[in-house]
Amino acid sequence: MIEFRGVSKRYPDGTVAVRDFSLTIAAHEVVVLVGSSGSGKTTLLRMVNRMTDPTSGQVLIDGNDVATQKAVALRRRIGYVMQNTGLMPHFTIAENIATVPRLTGRTRRESRSRALELMATVGLDLAIADRHPGQLSGGQAQRVGVARALAAEPNILLMDEPFGAVDPIVRADLQRELIRLQQELDKTVVFVTHDIDEAFLLGDRIVILENEGVVAQAGTPNEIIESPANDFVAALTGTTDGSRALRIRRTATGAVVVDASGRTRGVLDEDDRP
Ligand SMILES: Nc1ncnc2c1ncn2[C@@H]1O[C@H](COP(=O)(O)OP(=O)(O)OP(=O)(O)O)[C@@H](O)[C@H]1O
Ligand SMILES: [Mg+2]
């Protein structure tokens, strides 16, 4: 369980990135933080593994304040997929993935075999193990980032816009893989994105942030679509401009549901109609 208790962050130059943010994330839950650029998402995520310390308030993991724990040890046991992959350019792919196992005392051979195992887990071709990050496609690099985060066998996975820098097809692929992986691994995941559709797809619960980490609404995808808390949420989720509207269209064989772009999204099951 992760608890943010009234955390705020003011950077030394005076910028207020987060103002009085509170949230409790249950074990094994996937929570997605959604907000526009500069709303404090990365700052919040980095408070969990002490890459950033809050100016006030506390972050607790399973009831223990992270401020009382050694930052280095904490970072090694929490998986972190950085916003721009953060791979080390002079290390091979296998070496990048094996960083934490090496640091925690596994032998070179053990670490390499663990790295290869993780490459398979995230759907990477083992043939690229000895390449360098500069020789990968964007989608491959993102998968390496996920494999590296899993290497420490963490209970908690922090993912900062991990699928941001790839085309929509690769992105959909990575999203499906993550859903499959999470069914298997069952981690506590804090996932950051500015894409509301990605949030609806991946999150058990979604937290919509306005500037300075102010929570506009927190809830399940259903709750947010069915009752947006304010105009900001309604606009972000497309309930004001009709972009999420679905309509029923009669066909010769029954009725189908059509989205705002005119695309047929499914067949209406007449038995379930009120
Ligand atoms: N080291 C820093 N020093 C000063 N201000 C910072 C620092 N890091 C972030 N900020 C500021 O804090 C605010 C929140 O930044 P943060 O990186 O958490 O936002 P974000 O939601 O992750 O944005 P993005 O979607 O662009 O990644 C921004 O105004 C940013 O400019
Ligand atoms: Mg960010």
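Described below are features of the structure shown in this document.

1. Considering the site of ligand 1
Thought 1: In the vicinity of ligand 1, 14 residues are found, and the nearest of them are S37, G38, K41, T42 and T43.
Thought 2: One of the backbone nitrogen or oxygen atoms of S39 is found 3.2 Å away from an oxygen atom of ligand 1.
Thought 3: Protein chains shield 64% of the accessible area of ligand 1, which is 640 Å² for the free molecule.

2. A closer look at the coordination of the magnesium ion (ligand 2)
Thought 1: The protein atoms donating to the magnesium ion (ligand 2) are T42 (OG1) and Q83 (OE1), with metal-donor distances spanning 1.9 to 2.5 Å. A residue pair is termed long-range when its members are at least 10 positions apart, and T42 in helix α1 (residues 41-48) and Q83 in the loop between β6 (78-81) and α3 (93-97) qualify at 41 residues.

3. Things to note about the sheet that holds strand β9 (residues 205-209)
Thought 1: The six strands lie next to each other as β6-β7-β8-β3-β9-β10, forming an open sheet whose pairing is mixed. With one partner strand each, in any of the chains shown, β6 and β10 (215-219) form the two edges of the open sheet. Mean inter-strand twist for the sheet, computed between neighbouring axes without regard to direction, equals 10°.
Thought 2: Bridging between strand β3 (residues 30-35) and β9 involves five bridges; their strand directions are parallel. Within β9, the residue paired with V32 across the bridge is I206.

4. Section: the nonpolar core
Thought 1: Residues I97, M159 and F191 are the most contacted members of the largest nonpolar core, which totals 42 residues.
Thought 2: Here the element with the most residues in this core is helix α6 (residues 138-150); it accounts for six residues.
Thought 3: Once residues within four sequence positions are removed from consideration, I97 is found in contact with A115, L118, M119, V144, A147, R148 and A151.
Thought 4: Among the nonpolar cores identified, the runner-up in size contains 26 residues, and I2, V48, V59 and V192 belong to it.

5. Some thoughts on the sheet that holds strand β2 (residues 16-25)
Thought 1: An order of β2-β1-β4-β5 is seen for the four strands of this open sheet, with the pairing classed as antiparallel. The open sheet terminates on both sides in strands that have one partner only, identified here as β2 and β5 (64-65).
Thought 2: Direction of pairing for strand β1 (residues 2-10) relative to strand β4 (residues 56-61): antiparallel, over a ladder of five bridges. Looking at the pairing, F4 lines up with V59 of β4.
Thought 3: This element, α1, spans β1, β2 and β4 of the sheet and lies at about 125° to β1.

6. Side note on the packing of aromatic side chains
Thought 1: In the structure shown here, the tally under the stated rule is two aromatic pairs.
Thought 2: Their ring planes at 85° and their centres at 5.2 Å tell us that F4 and F21 sit as a pair that is edge-to-face. Taken together, the residues span a long stretch of sequence, with F4 in strand β1 and F21 in strand β2 at a distance of 17 residues. No difference in accessibility class separates F4 from F21, as the two residues are buried.

Calculation notes
Residues numbered from 1 in each chain as written. Chains lettered and ligands numbered in written order. Predicted model: local features only at pLDDT ≥ 70, side-chain atom pairs only at ≥ 80, totals over all residues. Heavy atoms only, no water. Near = heavy atom within 4 Å. Polar contact = N/O pair within 3.5 Å; in protein donor to acceptor, adjacent residues only side chain to side chain. Areas by Shrake-Rupley, 256 points an atom, 1.4 Å probe, with all protein chains shown as cover. Donors = N, O, S within 2.8 Å, 3.2 Å for Na, K, Ca; no water. Helix = DSSP H or I, 4+ residues; strand = E, 2+ residues; numbered from the N terminus. Pairing = 2+ DSSP bridges. Axes fitted to C-alpha atoms, helices over the stretch in contact; angles between N-to-C directions. Core = buried A, V, L, I, M, F, W, Y, C linked by side-chain atoms within 4.5 Å. Buried < 20%, exposed > 50% of the residue type's maximum accessible area, 1.4 Å probe, protein only. Contact = heavy atoms within 4.5 Å. Phe/Tyr/Trp six-rings, centres within 6.5 Å; stacked < 30°, edge-to-face > 60°.

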